[in-house]
Amino acid sequence: MRNSITRSKVAITGANGFIGNALREALKQQGIEAIGLCRNPKLENDIEFNLVNLTTLNNIPDDVDTIIHAAYTTQAKDLKNAFQANVKGSKALFDYCHERGIRIIFLSSCSAHQKARSFYGRSKYQLEGYLNEYDVIIRPGFVVGDGGIYKRLANSLRTLKFAPLFWGGMQPLQIIYLEDLVHGIVNAYLEKKGGTYNLVQPTIYPLKEFYRQIFIQQNLTPRFIRLPGNLTLMALKIAEFLKIPLPLTSENLLGLKYLQVFESDCEKLGIRARGFG
């Protein structure tokens with residue numbers, strides 16, 4: 001790797017996203033200059049970068065010593081386009097970084113494991129294999145905070161007044177609060193860590209109990225409807241083949257079906273992760 005003493009900037013892909021924006025602010029509070037690598041630059045120090053336009057790799061400044069890769073496009077219309085952006089694009093970014101001695105902190109997922117069936121989980125797991133011992137892989141649990149998937153879920157439950165349960169709703173879920181996740185990533189950068197870290201709160205919540213707590217936090221009576229998981233999955237795939245838009249996708253359902261439990265590495269990065277509720 002090149003001498004990092006002459007390089008002192010952190011670049012964040014997906015810096016305008018839920019996690020990326022929080023990371024930018026946390027690094028700033030530590031006095032670390034962080035620039036955003038974004039499809040649509042908004043701030044003065046943002047730089048145009050797009051996973052499907054590899055010429056934008058040349059926009060990365062020479063004095064960047066670490067790239068936190070938090071971008072993942074969900075805008076692709078099909079899996080072929082998703083593969084082009086999220087797998088091929090990320091692999092090209094990793095190769096670029098390794099050639100120039102830029103360390104990578106990759107925001108993976110607890111959906112990334114050998115038994116994953118969703119494209120999201122399988123692609124994240126594949127990308128982990130392209131990293132080296134100097135890089136950092138962060139596998140967060142379900143991220144709880146004022147935004148992202150959690151906020152959309154809470155809003156949906158408030159609107160529906162019930163939670164659908166597939167396969168009984170007993171799948172194991174582990175969470176991490178946004179602030180704890182960001183704290184862990186910043187510590188990994190400051191301490192020049194390498195390796196894989198599962199940033200999850202150690203407590204395991206059955207999915208039904210997780211939904212119950214969201215209802216209670218919103219002063220709502222928990223209500224549940226059991227739905228046949230495999231039949232719903234088949235129906236969603238047919239709807240997607242026919243290009244019928246629905247609020248739930250087969251990808252969402254596959255992610256729920258194959259949830260896994262991970263040992264928490266929070267303490268290794270100086271975090272005392274809070275429980276949910």
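Structural notes, computed from the coordinates. (Residues numbered from 1 in each chain as written. Predicted model: local features only at pLDDT ≥ 70, side-chain atom pairs only at ≥ 80, totals over all residues. Heavy atoms only, no water.)

## Comments concerning the state of the cysteines
And step 1. Per the counting criterion, the structure on display carries zero disulfides.
And step 2. Unpaired in terms of disulfides, Cys38 finds its nearest cysteine sulfur in Cys97, a separation of 15 Å.
And step 3. Cys38 gets classed as buried once you look at its relative accessible area, which sits at 3%.
And step 4. In this model Cys266 remains outside any disulfide bridge; the closest cysteine sulfur is found in Cys110, 9.6 Å from its own.
And step 5. Residue Cys266 is classed as buried on the basis of its relative accessible area, which comes to 3%. (Disulfide = S-S within 2.5 Å. Buried < 20%, exposed > 50% of the residue type's maximum accessible area, 1.4 Å probe, protein only.)

## Side note on the packing of aromatic side chains
And step 1. Counted by the stated rule, this structure contains 11 aromatic pairs.
And step 2. Ring plane angle 80° and centroid distance 4.9 Å describe the contact between Tyr72 and Tyr120, whose orientation is recorded as edge-to-face. In this pair, Tyr72 is assigned in the loop between strand E4 (64-69) and helix H2 (79-100) and Tyr120 in helix H3 (residues 119-128), connecting sequence segments 48 residues apart.
And step 3. Ring pairing ties together the aromatic residues Phe142, Tyr150, Tyr205, Phe210, Tyr211 and Phe276, which thus form one cluster.
And step 4. Taking NZ or CZ as reference, Arg117 lies 5.5 Å from the ring centre of Tyr258, over its face.
And step 5. The ring of Tyr177 is capped by Arg274, whose NZ or CZ atom sits 4.1 Å from the centre of that ring. (Phe/Tyr/Trp six-rings, centres within 6.5 Å; stacked < 30°, edge-to-face > 60°. Helix = DSSP H or I, 4+ residues; strand = E, 2+ residues; numbered from the N terminus. Lys NZ or Arg CZ within 6 Å of the ring centre and 35° of its normal.)

## Focus on H3
And step 1. Every buried residue belonging to H3 is among Phe119, Gly121, Ser123, Lys124, Leu127 and Glu128, and all of these are buried.
And step 2. Where H3 is buried, its residues touch H2, strand E5 (103-107), strand E6 (136-140) and helix H8 (250-257). (Contact = heavy atoms within 4.5 Å.)

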